[in-house]
Amino acid sequence: MAATEKESLNSHLEPAPEPTRVTVTILGGRYQLKGSDPEDYLTSLAQRLDERLTQAAEKYPNLPPSRLTMLVALNLLDELTKLQREYDELVRLIRDGGSG
């Protein structure tokens, strides 16, 4: 493609939005997050993770943070997997017209 054709095509493209950056606190540590989602969404995710980790720390006060993080990660993955199975089953029921 000729340079002028590329320039013409590129002139119609909008520049990529700047990534969102936000500093959050999780288990007392400060972390810089960067993503394409809005700041309030990233902050909300961090707050929810902090709540989960804090609950685990209260339940298992002798576990180091790395073990707490692994425990919470496995619990979240378990929840995600179960929700994905439920979603897949609902999609199947809708697709099949509700027949089992």
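Residues numbered from 1 in each chain as written. Predicted model: local features only at pLDDT ≥ 70, side-chain atom pairs only at ≥ 80, totals over all residues. Heavy atoms only, no water.

A. Focus on the overall build of the protein. Assigned secondary structure in the protein consists of three helices and two strands. By residue count, 12% of the 100 residues in the protein fall in the buried class. Long-range contacts, defined as pairs at least 24 residues apart, comprise 15% of the intrachain contacts of the protein with a sequence gap of at least 6. Accessible area of the protein: about 8,400 Å², with a carbon and sulfur share of 55%. (Helix = DSSP H or I, 4+ residues; strand = E, 2+ residues; numbered from the N terminus. Buried < 20%, exposed > 50% of the residue type's maximum accessible area, 1.4 Å probe, protein only. Contact = heavy atoms within 4.5 Å. Areas by Shrake-Rupley, 256 points an atom, 1.4 Å probe, with all protein chains shown as cover.)

B. Representation of the layout of surface pockets in the model. Space inside the largest pocket adds up to approximately 180 Å³. The wall of the largest pocket is formed by Leu 45, Arg 48, Leu 49, Glu 51, Arg 52, Leu 76 and Glu 79. Listed by contribution, the elements that provide at least two residues to the lining of the largest pocket are helix H2 (39–59) and helix H3 (65–95). It is H2 that provides the largest number of residues to the lining of the largest pocket, a total of five residues. For the lining of the largest pocket, the class distribution of residues is three nonpolar, no polar and four charged. (1 Å grid on protein atoms, 1.4 Å probe; cavity = no way out; pocket = protein on both sides within 12 Å on 5 of 7 lines; lining within 4 Å. Points joined across faces, edges and corners; volume = space filled by probe spheres on them. Nonpolar A, V, L, I, M, F, W, Y, C, P; charged D, E, K, R; others polar.)

C. Local environment of the pattern of salt bridges. One pass over the structure, following the stated rule, counts five salt bridges. One salt bridge in this structure joins Glu 89 and Arg 92, with 2.6 Å as the shortest N-O distance. Here Glu 89 pairs with Arg 92, and both are found in helix H3, just three residues apart, close to one helical turn. For Glu 89, a relative accessible area of 35% gives the class partly exposed. Note that Asp 96 and Arg 95 form a salt bridge whose closest N and O atoms lie 3.5 Å from each other. On the basis of relative accessible area, Arg 95 is assigned to the exposed category, the value being 60%. Among the charged side chains, a salt-bridge network with shared partners connects Glu 89, Arg 92, Arg 95 and Asp 96. (Salt bridge = Lys/Arg side-chain N within 4 Å of Asp/Glu carboxyl O.)

D. Fine view of unusual backbone geometry. With a phi angle near 50 degrees, Leu 27 is a residue other than glycine that sits in the positive phi range. For Leu 27, the location among the structural elements is in the loop between strand E1 (20–26) and strand E2 (29–35).

E. Here's a closer look at the packing of H2 against H3. At a minimum axis distance of 9 Å, the contact between H2 and H3 shows a crossing angle of 120 degrees. As summarised for this structure, H2 and H3 are arranged oblique, according to the angle between their axes. In this structure, the crossing between H2 and H3 has a hand that is right-handed. Contacts between H2 and H3 pair Leu 49, Arg 52, Leu 53, Ala 56 and Ala 57 from the former with Leu 68, Thr 69, Val 72, Leu 76 and Glu 79 from the latter. Split into classes, the residues belonging to the contact of H2 with H3 amount to seven nonpolar, one polar and two charged. (Axes fitted to C-alpha atoms, helices over the stretch in contact; angles between N-to-C directions. Parallel < 35°, antiparallel > 145°, perpendicular 65-115°, else oblique. Left-handed = near helix turned anticlockwise from the far one by under 90°.)

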